[in-house]
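Structural overview for review
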Amino acid sequence: MQLTTMVSYENMQGVAVVTVDNPPVNALSQGVRQGLLEGVNKALADDAVQAIVIHCAGRTFIAGADITEFASGPAEPSLRDMLELMDGAGKPVIAAIHGTALGGGLETALCCHYRVAAPGARLGLPEVKLGLLPGAGGTQRLPRVVGVEKALQMVTSGVPIGAVEALEAGLVDEIVEGDLLPGALAFGHQIVARGAALPRIRDRDDRLQEAREDPAVFEQFRRSIARKSRGFIAPEYNIRCIEAAVSQPFDEGMKTEARLFTELMRSPQAAAQQYFFFAERQAARIPDIPRDTPELPIARVGVIGAGTMGGGIAMNMVNVGIPVTLVETSQEALERGLGVIRGNYDNTARKGRLSEADVVQRMGLINGSLQLQELAQCDLVIEAVFENMEVKKDIFRRLDAIVKPGAILASNTSALDLNEIASATARPESVIGLHFFSPANVMKLLEVVRGDATAREVIKTCMGFARRIDKVPVLVGVCHGFVGNRILFARQTQAQQLALEGAPPHQVDRVLYEFGFPMGAFQMSDLAGLDIGWNAETSRGETIRDRLCEAGRRGQKTGAGYYDYDENRKPTPAPLVAELYTEFAARAGIIQRDIADQEILERCLLPMINEGAKILEEGIAIRASDIDVVYVYGYGWPVYRGGPMYYANSLGLDTVLARLRHYWQQSGDDFWRPSRLLVELAEKGGRFS
Ligand code: 3H9
């Protein structure tokens, strides 16, 4: 029988099965909470029912509270009320878990007396990723089951654990092979037959003892995640809740959790992180490409160039079992490239994150070659040679004659005109940009660059393929630097200008680091290498970069760039660089001065926002949130500040406009001219949306 539109009820041989059916992820929307409350009440009131199974239809168990309801505030019944009823039920309640039991979903399961799971199930408390903490008892119950240390890891990382690990940790009582529901019913009958107890997690204390005796565990844990969690407030709040679980009685701990949850819920970080959750998913939607657009099969990939980029790109494919043909021009370069890949995998294996057999299997999927001909049967070929238009066009011309019809020809160019590259072929509809970010096997972002002629199926295929290789794809149009690098150029221009005017590189970098970037503008250049795009033959010492490269200071890899590096790659400010800026400033008639941190921050970030607005105005990005996704996943913009366009909204576009005009007037430099879109929106009190 249907209890609400989202929950149904059935008595199956004395076991009440309460089924949640709220696609796509069975979130705990109002109708689900209401239905579960009614279902459990009904079962408790019915003498013919001896046990209750909570089960979900579709692809997953409850994946958490309904995030879309957060803005309007919770409607009755509250999750806590519903869970209290289950927790205090006088008949055994069993959660039957498949897919993902996340957040409020796992908290629901923790209020059941027993949990059974399908072998592929995953269980976790990912609230921290939304800038939150589990607010329905998760922080009080989880450590009582899995122990303090594991609970700390789970709530601060948000990473779920698999069914087997959950079984070992006591979070799951049984793994059901075969159909889950019959397995859960059988489990229920056994419990009834055994007259088994109704264990409530809230009554358990044993797993907390160790931390009670050694409270230093919390400080140690804080230290262990300090680097990763820098700038975020939610991890610390989560830790405090687990501390409360250890130091306070259960009901007091629940109050602490509720108080801290409310504080976080009101925080700007939570708002930004929740915005970002939807931004990331929104990026997958392309307005002029219908959902039913067919995708082309991709079974074999070719990569041209076994340098840092090409090698990293190839690793993405073989990591998910897709064979790759990796082409180089010389045996030596090929062997070097394969050696680097092998070295990367060996490192991962040494850290215990990959088995020796995995390394062998992955390397076995890479076929190194010196012949472009060998790419003939590939479904997708990705060119990853250095940034030179003529070289790229030549490669595409040759590929056109070799690769089978219908195959996708992609360039990993980070800035060049994709349309011009496509024009070298007779099939521009099959040409697309796939801009990976370095290190390509690590960074999540993939800019998918749409040329004028790129076919819809090709775009749809590449967006899907990106997810297959665990990337977050964002579709962008053609312009110099696309979305990410074009915005970065604007920031780097100001970083250089600031250094000329008297803010040393390490001050600029510190300001950006304190804002939340993993590194500053100059550190980033040093890491990438100052000689990218630099030519020793044509270099005439006209720029600071020329001078640095000429002096052999080409970045971290040479032990010096904007900074001096020690053998552990620890940077220290370089006196020589300071002298260079003073010299160039004098030559340009600039009188150097002390520059306040706030000015540095504004002058680095406002141009990014302005460039983002121009990109939107020109239709290079589909929506403002796509730019934010590019920045968070590709350039380390702190997710708790949403991304540059979200940040602009939070500052207020009128403020952004006023400050841009201020710098425009002050410098007289058209670099600062505000984008038309920004002016329009700011003047009518609008936002980027
Ligand atoms: C919480 O529980 C708080 C509690 O502690 C206590 C409160 C008192 N709500 O990701 P997908 C949508 S906080 C609403 O593409 P997948 C999503 O937007 C919550 N909507 O699928 C998308 O919509 P669309 C803690 C949600 O298969 C569609 O579902 N839980 C929610 O790659 C498909 O999503 C979490 O943080 C939601 N909770 O991955 C879990 N979740 O199709 C968040 C998803 O219109 N969710 N949607 O774009 C996930 O991690 C993934 O969605 C999941 C599926 C792994 C479940």
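The structure displayed is predicted, hence computed values, not measured ones.

A few words now on helix α25 (residues 624-635). Taking 1.5 Å of rise per residue, 12 residues should cover 16 Å, and α25 covers 16 Å from first to last C-alpha, within 8% of that figure. Those residues of α25 not exposed but buried are Ala624, Ser625, Asp626, Ile627, Asp628, Val629, Val630, Tyr631, Val632, Gly634 and Tyr635. Looking one or two residues beyond α25, the residue adopting positive phi is Gly636, at roughly 70 degrees.

A few words on the site of the ligand. In the region of the ligand, 26 residues are neighbours, and Arg59, Glu107, Glu127, Arg281 and Arg285 sit closest. At a separation of 2.9 Å, a nitrogen atom of the ligand approaches a polar backbone atom of Ala63. Relative to its unbound accessible surface of 1,000 Å², the ligand loses 73% to contact with the protein. The set of elements that each furnish at least two residues to the shell around the ligand consists of β6 (100-102), α3 (104-110) and α12 (268-282). A per-element tally of the shell around the ligand places α12 first, with three residues. Taken together, the residues of the shell around the ligand break down into 15 nonpolar, five polar and six charged.

This paragraph deals with the sheet that holds strand β15 (residues 408-411). Taken in spatial order, the eight strands make up an open sheet running β13-β12-β11-β14-β15-β16-β17-β18, and their pairing is mixed. Bordering the open sheet on either side are β13 (366-369) and β18 (472-476), each of which pairs with just one other strand. Averaged over neighbouring strand pairs, the angle between their axes works out to 25 degrees when direction is ignored. Pairing between strand β11 (residues 301-304) and strand β12 (residues 324-327): four bridges, direction parallel. Across the sheet, residue Val303 finds its bridge partner in β12, namely Leu326.

Once that is clear, we can look at the sheet that holds strand β8 (residues 122-124). The three strands lie next to each other as β6-β8-β9, forming an open sheet whose pairing is mixed. Only two strands of the sheet have a single neighbouring strand rather than two, namely β6 and β9 (161-162). As paired strands, β6 and β8 are joined by three bridges and run parallel to one another. When the sheet's bridge partners are listed, Thr100 is paired in β8 with Arg122.

Considering the arrangement of structural elements, one finds Arg553 in the loop between α22 (544-550) and β19 (563-565). Here Arg553 is in contact with Leu530, Leu548, Thr558, Ala560, Gly561, Tyr563, Asp564, Ala574, Leu576 and Val577, once residues within four sequence places are set aside.

Once that is clear, we can look at the domain arrangement of the protein. Size of an interface: often given as the accessible area lost when the parts come together. Its domain assignment divides the protein into domain 1 (2-265), domain 2 (301-481), domain 3 (504-588) and domain 4 (598-683). The C-alpha-based centres of domain 1 and domain 4 are spaced at 41 Å.

Bringing the pairing of β18 into the picture now. The element β18 is extensively covered by neighbouring structure, given that five of its five residues are classed as buried. Two strands pair when backbone bridges link them, and strand β17 (residues 445-449) and β18 are joined in this way by five bridges, in the parallel orientation. Following the sheet pairing, Glu447 is matched in β18 by Val474. Between the parallel pair β17 and β18, the chain is carried across by helix α18 (residues 456-468), and the sense of this crossover is right-handed.

What follows covers the pattern of salt bridges. Any two side chains of opposite charge can pair, given that their charged atoms come close. Under the defined criterion, the tally for this structure stands at 45 salt bridges. Taking the shortest distance from any N to any O, the salt bridge between Arg33 and Glu69 comes out at 3.0 Å. Placement of Arg33 in helix α1 (residues 30-45) and of Glu69 in the loop between β4 (51-56) and α2 (79-87) is noted, with a sequence separation of 36 residues between them. As far as the burial class goes, Arg33 and Glu69 line up, both buried. Between Asp394 and Arg398 there is a salt bridge, with the nearest N and O atoms lying 3.3 Å from each other. With a gap of four residues between them, Asp394 and Arg398 both fall in helix α16 (residues 389-402), about one helical turn apart. Several salt bridges converge on common partners, so that one network encompasses Glu219, Arg222, Glu236, Arg240 and Glu243.

If you walk through the whole model with that rule in mind, you get 17 aromatic pairs. Centroid distance Phe437 to Tyr635: 5.4 Å. Interplanar angle 80 degrees. Geometry classified as edge-to-face. Of this pair, Phe437 sits in the loop between β16 (431-436) and β17 while Tyr635 sits in helix α25, and the two are 198 residues apart along the sequence. Among the residues examined, Tyr635 registers a relative accessible area of 8% and is labelled buried. Aromatic rings pair up to connect Phe515, Phe517, Trp637 and Tyr647 into one cluster. The ring of Tyr513 carries Arg230 above its face, with NZ or CZ at 3.4 Å from the centroid. One Lys or Arg, Arg641, reaches over the ring of Phe515 and ends 4.2 Å from the middle of that ring.

Here the focus is the state of the cysteines. Using the criterion set out here, one finds zero disulfides in the structure. Here Cys241 is not disulfide-linked; the sulfur of Cys111 is the nearest cysteine sulfur, at 15 Å. A disulfide-free cysteine, Cys479 has its sulfur positioned 19 Å from the sulfur of Cys462, the nearest such atom. Its relative accessible area of 14% is what places Cys479 among the buried residues.

This brings us to unusual backbone geometry. Here the amide bond leading from Glu76 into Pro77 is cis, since omega sits at -10 degrees, within 30 degrees of zero. Along the chain, Pro77 falls in the loop between β4 and α2. Look at Asn26: it is not a glycine, yet its phi comes out positive at around 55 degrees. Within the secondary structure, Asn26 sits in the loop between β3 (15-20) and α1. Residue Asn26 is classed as buried on the basis of its relative accessible area of 2%. Here the phi dihedral of Phe482 falls at roughly 50 degrees; this positive angle occurs in a residue that is not glycine. With respect to the helices and strands, the residue Phe482 is situated in the loop between β18 and α19 (484-501). Owing to a relative accessible area of 0%, Phe482 belongs among the buried residues under this scheme.

Each value, and the rule that gives it
Residues numbered from 1 in each chain as written. Predicted model: local features only at pLDDT ≥ 70, side-chain atom pairs only at ≥ 80, totals over all residues. Heavy atoms only, no water. Helix = DSSP H or I, 4+ residues; strand = E, 2+ residues; numbered from the N terminus. Expected span 1.5 Å × (residues − 1). Buried < 20%, exposed > 50% of the residue type's maximum accessible area, 1.4 Å probe, protein only. Near = heavy atom within 4 Å. Polar contact = N/O pair within 3.5 Å; in protein donor to acceptor, adjacent residues only side chain to side chain. Areas by Shrake-Rupley, 256 points an atom, 1.4 Å probe, with all protein chains shown as cover. Nonpolar A, V, L, I, M, F, W, Y, C, P; charged D, E, K, R; others polar. Pairing = 2+ DSSP bridges. Axes fitted to C-alpha atoms, helices over the stretch in contact; angles between N-to-C directions. Contact = heavy atoms within 4.5 Å. Domains from an automatic or database assignment. Right-handed = clockwise from strand over helix to strand, strands pointing away. Salt bridge = Lys/Arg side-chain N within 4 Å of Asp/Glu carboxyl O. Phe/Tyr/Trp six-rings, centres within 6.5 Å; stacked < 30°, edge-to-face > 60°. Lys NZ or Arg CZ within 6 Å of the ring centre and 35° of its normal. Disulfide = S-S within 2.5 Å.

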